[in-house]
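# Per-entry structural report
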Amino acid sequence: VDRLKCSQPRGHSKMSNAAYDMLWRESMRDLLDLLEMDAPEEQEPKELVQFFSYQYIKYVQLFKNLEDCYDQHVHPQKRIDIKNTLEAVTGRMLEVKDILVKLTGTPFINFDDILVDLKLIPETLELPVPRYFTDERKRELDDRDRLVELLVKQREAQKEALGAVDDSAKTLGLGVVMTVEDAVRVVQLNERGRQGRQRARAMKLIRVQEERESRAAESGEGEMDPDNAAILIQKTWKGYLTAKKSRALRDEELVFIGMQAPEKRSGPDPIAKAQAVRARRKFIQQKNQDQYEAGLVSLRQKIYEEEGPDFREEMMEAIRSWFVSYRERFETYPDYPEDDEGGSAFIFDPPPPVIEPPPEAEAAPKAGAKKADAKKKPDPKGKGKGKGKAEEEEDEEANVLPQSVFVTALRSGTETYVKLWENKDESDNFAQTFDGDLVKSILRPGVKEEIRIKDVDTVMREQLENIKMAVEKGKKGKGKGKKGKGKKGKGKGKDKGKKGKKKKDPTESRAMDSLFMELVTNDILKQTPKVKVREYIGHYKNLDSVMAKSSVPLDPSMAHVRQAVVECAVLPTGSKYVHDLAPMTQSLLLYGHSGTGKTMLAHAIANETGSNLFDISPKNTDGKYGGKQAAMMLHVVFKVAKALAPSVIYIDDCDYVFCSDKKKCRDLGCVDMPNRIKKDLVKEFKGLDASDRVLIVGCSRNPWLMQKADLKAAMVFWKRMLLMPLPDYATLQYVWRTLILKKGGTIKPQNFDLQTLSHICYISGYTAGAVAEVVDRVLTPRRIQRLIQKPLTTDEMVMQLARVDPVFTDQDTPLRAWQATVQALIDKAKG
């Protein structure tokens, strides 16, 4: 411990191996404290919410610390144990959140009171996406992207070969490719216009100078006296210095109170420096991992050669002793177990003995069960006494908390840490390479099992047969045993029971590569856009806990939505261990107005989990797979998605898919009816197993199109529905500032009134997508170049903002009414 304390990092941009060891140690100690906590005995709903809220916050902190440790630790064996604990913590965190959702009835929970008690900020709950989801599959994902890009280029080349007209030519309305003469004529016209504008500017300057000289001649002013000229220059210069100093003091004050971003300092950027250190540690991490994998092979061979003969002799001696003891007990030699039955494994790892209960013990439960059944019979007079007891028992069962499947893994992880790493002396392992002795202890059981299966069982089975043959020869006139026939008969009986009808696959004869190429060629399997969940920017609402006490329903903050998407979509899809054991969501509906970030989040889910992206939106599949071929399209999509998991199936305008009104469906402007895939989509979705890492993400701008029966079908299909809210005032300020700086612009408070602009957007109902569109229109490459001469002003943004439509009241009203209808149906289902 003293060595770790002395080795703590001194620089803010560097963390040493000892620092990550210390972070790991503190995380494991916090985990031990969490595992020792017990739920309240009385199980009051408020107490349970408080208890699990505290646990959730602590698990979020553990998750972030362990994820950072796993990403930056360079010791390969430590990373294995850290990852096991990290995935178990992730699963337990999702379990606790699922319990809170069931207790509170909402996926958006406010932890403001507990955060204040713990002296934490809301950003503590921000969940980062684990970087190992894509880092560990980087080579595989790069190969997939290259393959998809190659197939897309081949598709475009085929279109051009068939005489397809270029999109740019269509946009210009030309219809044909421009000839060389036309191109030269266009260039000449533009060049003559440029020369004319330049000549006009020069002539304007000449005229201004002539007018100035004529006015001076008419007024009779001569040359200024040198002393007066010097005084005027000094006055102007001192005024400039004073104004510059005042502006510097004002900017310093604005930076201090958080109203202005600090200027970039000269010298190395600390963020870039920290990223360089992290990149260097990733390089060392990969180097140590390669050494570890090579060491596994060499050390396994070394154990096999050096310790293998001793293992072989020990096991053979133990099996011979079993022969002798069996002979002494049953006066015959045993049958050697077959390989499919485990061979001689039961000799070295015998199963626990089965203790049969005495006859009296069996009779007692039966008598008790009869009495219990008699008590549970309904009262023939209809007084209903038994009914009340049954309701009480059901209430007691409902109050019992579910058992966690991750606590065992967490306890095992803490025990492994205490046993192997807590007090391990690594003073001679500065490079954090693998531990050979630990590798040998892990490999020995596997080598021993391999020797038992390949060598020992084969030799000992032959020896046993030779012994039996020798004994049989010693017996005169005795018949052969019939045990072998009985075994064969049993084997045949087992095979008959396994026969059953199997669903016919219409694409059984086609290879997976062929199906993959077909989907890419038809633009259904697409390249995943490089978007991250954190780009869906937005803050927590600081007054949520106060406003929640009122009866007015509140929209979730954008930070709440981002957190919910990570919890229910990203984490289960990115990790197979978490997906198989934690509460999962196989279908997610994102609904809200245009420009609220629905499509961006769908793409971010696919990108950050390294998933294949299948786009079966009505507009994307229009004109493809006509008629009954739509069922074949969905079959191929789901088959490839399951085979190449993880996968994300994206459906934009999914409200039209579940809408049965043909008139409304025609408003989408598609040739094929959008709802043609509804029946087969539901059928394929029901065919997904719990182990299939396939997530269906739907986006809806007009969810109120789904009414009555369509709404009920949609609520059954979409397991989780998330409202994409409009940004609040604080979020709009953050969005404006972030997008302008990201685009290369600068914000100066004396020219750009960020608060007024955000207030205009908030009261008018502009979305974050509208803000991004305005920033793209204003900050063109030419405008960015001229920012030094002409700073950015609020008027420029307001002029472009007036050309973008906000969310009007008549658009928001049906959405709110539909949301209320859905909530009423959910409440009715809960009873």
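Residues numbered from 1 in each chain as written. Predicted model: local features only at pLDDT ≥ 70, side-chain atom pairs only at ≥ 80, totals over all residues. Heavy atoms only, no water.

The subject of this paragraph is the sheet that holds strand β3 (residues 612-615). Strand order in the open sheet formed by six strands is β1-β3-β4-β5-β2-β6, and the pairing between neighbours is mixed. The open sheet has two free edges, formed respectively by β1 (525-526) and β6 (720-723), since each of these has just one partner strand. Across four bridges, the pairing between β3 and strand β4 (residues 647-652) is parallel. Bridged to Phe614 within β4 is Ile649. Helix-sheet contacts for helix α25 (residues 629-643) involve β1, β3, β4 and β5 (694-700), and the interaxial angle to β4 is about 145°. (Pairing = 2+ DSSP bridges. Helix = DSSP H or I, 4+ residues; strand = E, 2+ residues; numbered from the N terminus. Contact = heavy atoms within 4.5 Å. Axes fitted to C-alpha atoms, helices over the stretch in contact; angles between N-to-C directions.)

Counting residues in each nonpolar core, the largest one holds 74 residues, and the members touching the most others are Tyr56, Tyr59, Met93 and Ile605. Counting residues per element, this core draws most heavily on helix α3 (residues 45-72), which supplies 12 residues. In this view, Ile605 contacts Val565, Ala569, Val570, Leu588, Val648, Leu695 and Val697; residues no more than four positions away in its chain are not counted. Counting 42 residues, the second-largest nonpolar core is a separate cluster that includes Leu515, Val636, Ala641 and Ile651. (Core = buried A, V, L, I, M, F, W, Y, C linked by side-chain atoms within 4.5 Å. Buried < 20%, exposed > 50% of the residue type's maximum accessible area, 1.4 Å probe, protein only.)

With 83% of its residues at a pLDDT of 70 or more, the protein has an overall mean of 81. Within the protein, helix α23 (residues 598-608) carries the highest mean pLDDT (93), whereas helix α1 (residues 2-6) carries the lowest (35). Throughout residues 1-13 the model reports pLDDT below 50, and contacts reaching past four residues in sequence, or to other chains, amount to 19 contacts. (pLDDT = per-residue confidence, 0-100.)

As for its placement among the helices and strands, Ala602 is situated in helix α23. When its relative accessible area of 0% is taken as the criterion, Ala602 is described as buried. Put simply, Ala602 and Leu613 are 11 residues apart on the chain and 9.3 Å apart in space, counted from C-alpha to C-alpha. When sequence neighbours within four positions are dropped, the list of residues in contact with Ala602 reads Tyr650 and Val697.

Let us now look at the packing of aromatic side chains. Applying the stated criterion across every chain yields a total of 18 aromatic pairs. When the ring of Tyr591 is compared with that of Trp818, the centres are 5.1 Å apart and the planes differ by 75°; the resulting orientation is edge-to-face. Here Tyr591 is found in strand β2 (residues 587-591), whereas its partner Trp818 is found in helix α35 (residues 809-830), with 227 residues between them in sequence. Of the two residues, Tyr591 and Trp818, neither departs from the other in class, the shared state being buried. Connected via pairs of aromatic rings, a cluster forms that spans Trp322, Phe323, Tyr326, Phe330 and Tyr336. Above the face of the Tyr70 ring, Arg79 is positioned so that its terminal group lies 4.1 Å from the ring centre. (Phe/Tyr/Trp six-rings, centres within 6.5 Å; stacked < 30°, edge-to-face > 60°. Lys NZ or Arg CZ within 6 Å of the ring centre and 35° of its normal.)

Where like charges cluster on the molecular surface, the negative patch consists of Glu26, Asp30, Asp33 and Glu36. By the secondary structure assignment, Glu26 is in helix α2 (residues 17-36). (Patch = residues over 30% accessible without salt bridge, like charges linked within 9 Å, V, L, I, M, F, W, Y side chains within 5 Å. Areas by Shrake-Rupley, 256 points an atom, 1.4 Å probe, with all protein chains shown as cover. Salt bridge = Lys/Arg side-chain N within 4 Å of Asp/Glu carboxyl O. Lys, Arg positive; Asp, Glu negative; His and termini not counted. Charge placed at Lys NZ, Arg CZ, Asp CG, Glu CD.)

This brings us to the state of the cysteines. Tallied over the entire structure, the rule returns zero disulfides. Left without a disulfide partner, Cys699 is nearest to the cysteine sulfur of Cys654, which lies 7.0 Å away. The exposure class assigned to Cys699 is buried, which follows from its relative accessible area of 1%. (Disulfide = S-S within 2.5 Å.)

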